[in-house]
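Residue-level structural notes
Chain by chain, the residues run as shown.
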Amino acid sequence: MAATTYDENQIQILEGLQAVRKRPGMYIGSTSQKGLHHLVYEIVDNAVDEALAGFCNTVVVTIHSDNSISVLDNGRGIPVGIHPDKGISAVEVVFTILHAGGKFGGGGYKVSGGLHGVGASVVNALSNWLVVQIYTNGKIYEQRFAKGNVTQDIKIIGDTNKTGTFVHFKPDETIFEDTVYEFNILKQRFQETAFLTKGLKIKLIDDRDNTKKTFYYEGGISEFVFHLNKNKTAVYEDTFYCEGEKDDVLLEVAFQHNEGYNENIFSFVNNINTREGGTHLAGFKNALTKTINDYARKMNALKETEKNLTGEDIREGITGIISVKISEPQFEGQTKTKLGNSEVRAIVDSIVSENLMIFLERNPQVAKIIIQKSTMAARARDAARKARDLTRRKSVLENSTLPGKLADCSERDPAKCEIYLVEGDSAGGSAKSARSRQTQAILPLRGKILNVEKARLDKMLASEEIRNMITAFGAGINEDLNIEKLRYHKIILMTDADVDGAHIRTLLLTFFYRFYRDLVLNGYIYIAQPPLYLVEKNKKKYYAYNDRELENILAEIGRQGISRMQRYKGLGEMNPDQLWETTMNPETRTLVRVNIDDAVAADEIFTALMGDKVEPRKEFIKEYAKLVTNLDI
Ligand code: TTJ
């Protein structure tokens with residue numbers, strides 16, 4: 001009887017993992033670089049869970065020379081005994097049954113887990129080989145797999161006085177398009193995880209070039225806020241921090257204001273970045289507005305006749321983190337990164353309200369600064385509103401007269417319309433003659449368009465380039481944004497393939513991230529991919545979009561008899577026909593859709609480059625020169 005059950009289970013397991021290998025994208029999003037890195041997060045998240053449960057304080061992630069990955073923790077170790085239902089070891093269950101992670105052990109939260117949170121079995125299925133070792137009961141246990149199949153049953157291979165789990169795997173190169181790990185991508189993620197899991201040490205080792213980084217933050221998200229504000233000038237020293245728990249919702253909040261005008265609040269649920277916010281963020285915002293106003297009234301900083309400070313004014317220049325851990329998160333929204341659990345709102349609201357009032361009473365200096373800053377923001381906003389109502393508002397946000405520079409398309413269905421934002425008038429001219437008039441609109445942008453870092457929205461509206469974009473899009477901006485009115489469902493950035501082009505693209509992405517975030521989340525923003533090289537041989541033209549492609553083309557057609565080889569410096573060097581053929585023709589072009597992570601990266605680069613501190617700018621340019629070019633997506 002037991003044997004029959006085992007067989008049936010075996011068949012189910014094989015079918016399950018086979019399904020993963022057949023449609024990997026369904027389980028890890030994609031098989032590109034992103035999916036490849038996702039495998040590491042899936043494994044590390046298990047160790048982080050053990051840390052959150054309080055049994056582990058160190059995780060070591062190693063990128064080996066062959067681009068295999070190992071993850072070691074010092075937790076209790078995955079149970080090595082036979083699983084009661086399945087008749088196989090718990091280790092084997094974890095690595096061969098879909099969604100098995102955290103199903104046993106009971107108690108505690110299964111809180112982490114990436115966007116997909118699919119578990120170690122998916123990593124196993126997509127690996128050429130995987131070795132797991134468990135250090136427990138004085139012994140080292142080991143089991144091996146290949147493409148998800150057991151190749152060595154669990155066995156004792158030695159003695160140890162440690163406890164922990166070690167997993168070493170090599171992603172299957174027949175499944176992943178890219179099998180080279182990037183240190184900086186993993187570094188970014190694990191630094192964030194370390195900030196969100198205070199007291200956990202995450203060590204990242206790159207054996208390919210002996211790079212090492214260790215992330216450990218005793219102060220957790222307080223240090224995260226400090227880190228985010230490091231290129232800015234804080235207006236008070238003590239970061240607000242609180243933690244609390246109610247009805248199985250764990251909460252941590254930290255914030256600090258800086259001299260700038262932007263609101264930068266990052267929210268997380270179970271260590272997952274909830275880019276679209278949700279009930280936890282709403283609860284926090286409500287508590288902040290209410291408590292600051294209550295305090296200001298109590299202290300007579302707001303007179304009876306004066307109006308309340310608005311949330312927007314209070315959040316001007318704020319940098320904050322809100323992190324909740326809940327056992328059954330419901331994710332909603334365009335990118336499934338919006339927390340939907342309604343009970344969380346009131347819990348966050350009450351914990352923050354209570355702690356913030358205590359903080360303000362203990363730190364009257366800080367309270368005073370926040371109130372003053374908010375009052376100034378309110379005045380500036382009021383003045384701007386009045387000016388705008390009189391002059392610009394109508395013309396900019398409600399006016400339907402399209403900008404003179406815009407060559408609009410004739411189609412009226414936004415779903416079929418695209419607008420190219422083109423760097424420079426000359427490339428703009430080429431694009432205008434090249435385009436398909438029915439569906440493609442062209443808006444040329446001149447020079448460096450704006451400095452959104454230092455400007456409030458009202459000041460930005462003074463820029464003609466900005467006003468032209470807003471009017472052309474036809475959907476308002478920021479809080480007034482109405483996506484239904486958007487005139488184009490593809491907004492395509494087309495800039496030169498040089499440093500200036502990269503800069504303008506960064507500026508535009510930052511602009512969209514800050515003022516048109518919903519368009520980014522909806523996937524309406526794209527980046528055109530003009531070719532980098534033209535090779536001509538026997539009157540035939542070949543275009544290469546990167547160096548590798550150029551090599552491939554040269555290898556294929558041979559280097560003899562080439563009549564022309566050109567490296568394009570700007571779009572202006574292409575005639576309209578070439579521009580159409582290579583970059584604008586919907587049948588043949590490639591567009592890269594901008595995702596929210598690209599926009600966040602642009603915003604970070606931009607803050608460092610344009611913020612008010614000089615030193616970080618120098619540092620940044622040195623350290624991240626490479627990244628700026630990488631952002632050329
Ligand atoms: C489960 O409940 C009993 C004690 O051990 C718990 C557990 O599974 N702990 C655990 C799992 N610690 N570390 C892991 C783990 C670490 C890595 C790197 C990979 C995987 C799949 C699990």
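Right, let's walk through the structure included here.

What counts, and where the lines are drawn
- Residues numbered from 1 in each chain as written.
- Predicted model: local features only at pLDDT ≥ 70, side-chain atom pairs only at ≥ 80, totals over all residues.
- Heavy atoms only, no water.
- Salt bridge = Lys/Arg side-chain N within 4 Å of Asp/Glu carboxyl O.
- Helix = DSSP H or I, 4+ residues; strand = E, 2+ residues; numbered from the N terminus.
- Buried < 20%, exposed > 50% of the residue type's maximum accessible area, 1.4 Å probe, protein only.
- Near = heavy atom within 4 Å.
- Polar contact = N/O pair within 3.5 Å; in protein donor to acceptor, adjacent residues only side chain to side chain.
- Areas by Shrake-Rupley, 256 points an atom, 1.4 Å probe, with all protein chains shown as cover.
- Pairing = 2+ DSSP bridges.
- Axes fitted to C-alpha atoms, helices over the stretch in contact; angles between N-to-C directions.
- Contact = heavy atoms within 4.5 Å.
- Phe/Tyr/Trp six-rings, centres within 6.5 Å; stacked < 30°, edge-to-face > 60°.
- Lys NZ or Arg CZ within 6 Å of the ring centre and 35° of its normal.
- 1 Å grid on protein atoms, 1.4 Å probe; cavity = no way out; pocket = protein on both sides within 12 Å on 5 of 7 lines; lining within 4 Å.
- Points joined across faces, edges and corners; volume = space filled by probe spheres on them.
- Nonpolar A, V, L, I, M, F, W, Y, C, P; charged D, E, K, R; others polar.
- Expected span 1.5 Å × (residues − 1).
- Patch = residues over 30% accessible without salt bridge, like charges linked within 9 Å, V, L, I, M, F, W, Y side chains within 5 Å.
- Lys, Arg positive; Asp, Glu negative; His and termini not counted.
- Charge placed at Lys NZ, Arg CZ, Asp CG, Glu CD.

**What to know about the pattern of salt bridges**
The full count for this structure, using the stated rule, is 26 salt bridges. Between Asp-159 and Lys-139 there is a salt bridge whose closest N-O contact spans 3.0 Å. Of this pair, Asp-159 sits in strand β5 (residues 149-159) while Lys-139 sits in strand β4 (residues 139-146), and the two are 20 residues apart along the sequence. Between Arg-412 and Asp-408 there is a salt bridge; the shortest N-O distance is 3.4 Å. For Arg-412, a relative accessible area of 54% gives the class exposed.

**Section: the site of the ligand**
The full set close to the ligand counts 15 residues, and Asn-46, Glu-50, Asp-73, Arg-76 and Gly-77 are the nearest of them. The contact in question runs from a nitrogen atom of the ligand to an N or O atom on the side chain of Glu-50, over 3.0 Å. Between the ligand and Asp-73, the relevant distance is 2.6 Å, taken from a nitrogen atom to a side-chain nitrogen or oxygen of the residue. Summarising the interface, the protein chains cover 88% of the accessible area of the ligand, which totals 500 Å² for the free molecule. Listing elements by their share of the shell around the ligand, those giving two or more residues are α3 (33-52), β2 (69-73), α4 (90-96) and β6 (164-171).

**Quick notes on the sheet that holds strand β22 (residues 562-567)**
Taken in spatial order, the three strands line up as β21-β20-β22 in an open sheet, and their pairing is antiparallel. Two strands lie at the open edges of the sheet, namely β21 (540-544) and β22, each paired on one side alone. For this sheet, the mean inter-axis angle between neighbouring strands, taken without regard to orientation, is 15°. Strand direction decides the pairing type here: strand β20 (residues 533-537) and β22, joined by five bridges, are antiparallel. By the bridge assignment for β22, Glu-536 is matched with Arg-564. Each of β20, β21 and β22 touches helix α17 (residues 547-557); the most contacted strand, β21, lies at about 150° to it. Running over the sheet, helix α18 (residues 576-584) touches β20, β21 and β22 and is turned about 50° from β21.

**Comments concerning the packing of aromatic side chains**
Counted under the stated rule, the structure contains 14 aromatic pairs. Aromatic side chains Phe-512 and Tyr-516 sit 6.0 Å apart centroid to centroid with 50° between the ring planes, which places their arrangement in the tilted category. For Phe-512, a relative accessible area of 0% gives the class buried. Overall, Tyr-516 belongs to the buried group, its relative accessible area being 0%. Members of the aromatic cluster, each reached through a chain of ring pairs, are Phe-473, Phe-511, Phe-512, Phe-515 and Tyr-516. If you follow Arg-189 out to its NZ or CZ, it ends over the ring of Tyr-41, 4.1 Å from the centre.

**Re the sheet that holds strand β12 (residues 272-273)**
Taking strand neighbours across the sheet as the criterion, the five strands line up as β9-β10-β13-β11-β12 in an open arrangement whose pairing is mixed. Of all the strands in the sheet, just β9 (240-246) and β12 have a single pairing partner and so form its edges. Sheet topology note: the strand β11 (residues 264-269)/strand β13 (residues 318-325) ladder contains six bridges and is parallel. Its bridge partner being in β13, Val-269 is matched across the sheet by Val-324.

**Observations regarding empty space enclosed by the protein**
Enumeration over the complete set of coordinates arrives at two cavities of 30 Å³ or more. Here the largest cavity is characterised by a volume of approximately 40 Å³. If you trace the largest cavity, you find it lined by Thr-495, Asp-496, Ala-497, Pro-530, Pro-531, Tyr-568, Lys-569, Gly-570, Leu-571 and Met-574. Tallied by class, residues from the lining of the largest cavity come to six nonpolar, two polar and two charged. By volume, the second largest cavity is sized at about 30 Å³. Taken together, Leu-14, Leu-17, Gln-18, Lys-147 and Asn-149 form the lining of the second largest cavity. Considering each element in turn, the lining of the second largest cavity owes the most residues, three residues, to helix α1 (residues 2-22). Partitioned by chemical class, the residues of the lining of the second largest cavity number two nonpolar, two polar and one charged.

**A word on α3**
The first and last C-alpha atoms of α3 sit 28 Å apart over 20 residues, in line with the 28 Å expected at 1.5 Å per residue. Burial analysis of α3 places 16 of its 20 residues in the buried class, the great majority of the element.

**Description of a negative patch on the surface**
The grouping of Glu-245, Asp-247, Asp-248 and Glu-343 at the surface amounts to a negative patch. Relative to the helices and strands, Glu-343 resides in helix α10 (residues 343-362).

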